[in-house]
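If you want the building blocks of each chain, they are given just below.
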Amino acid sequence: MNRKKKIIQTLKKKAKKANAKKHGAGSSKPRYISKAERAAQQAEGTEATAAAEQPAPQMPSEDEATSS
């Protein structure tokens, strides 16, 4: 009886681990982002928004370039 119980216990343990891995144990909470990574992301985000706010230089169209 003990051998059978031990086998069942081992199989249940393996099944539980596989199920946890499959469903991503702790998937209800977001991935941890360190303070340094957050600062880097924020700096990267401010650079991107600053670049987006500056208007791109307008290139003259071919009609304007040929008429001059």
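Note that the structure is predicted; figures quoted are calculated from it, not measured. (Residues numbered from 1 in each chain as written. Predicted model: local features only at pLDDT ≥ 70, side-chain atom pairs only at ≥ 80, totals over all residues. Heavy atoms only, no water.)

Let's talk about the overall build of the protein
What counts, and what does not: In this text, helices come from DSSP runs of H or I with a minimum length of four residues, and strands from runs of E with a minimum of two, each type numbered from the N-terminal end. In this description, accessible areas are obtained by the Shrake-Rupley approach with a 1.4 Å probe, and a residue is regarded as covered only by the protein chains that are shown.
Counting secondary structure elements, the protein contains three helices and zero strands. Written out in order from the N terminus, the α and β elements of the protein read α-α-α. Approximately 7,100 Å² of the protein is accessible, and the part contributed by carbon and sulfur atoms is 57%.

Focus: the confidence of the model for the protein
Rules: The predictor attaches a confidence to each residue, called pLDDT, with possible values from 0 through 100.
Taken residue by residue, the protein gives an average pLDDT of 80. The fraction at 70 or more is 65%. Across the protein, the element-wise mean pLDDT spans from 62 in helix α3 (residues 62-67) up to 93 in helix α1 (residues 2-22).

Section: α1
Test applied: Expected span of a helix: the number of residues minus one, times 1.5 Å. Relative accessibility thresholds used throughout: buried, under 20% of the residue-type maximum; exposed, over 50%; partly exposed, between the two (1.4 Å probe, protein chains only).
In a regular helix each residue adds 1.5 Å, so 21 residues correspond to 30 Å; α1 covers 30 Å between its end C-alpha atoms and thus fits that length. Taking burial as the measure, the 21 residues of α1 include zero buried ones, a minor fraction of the element. Note on α1: the residue one or two positions beyond its end, G24, has a positive phi of about 65°.

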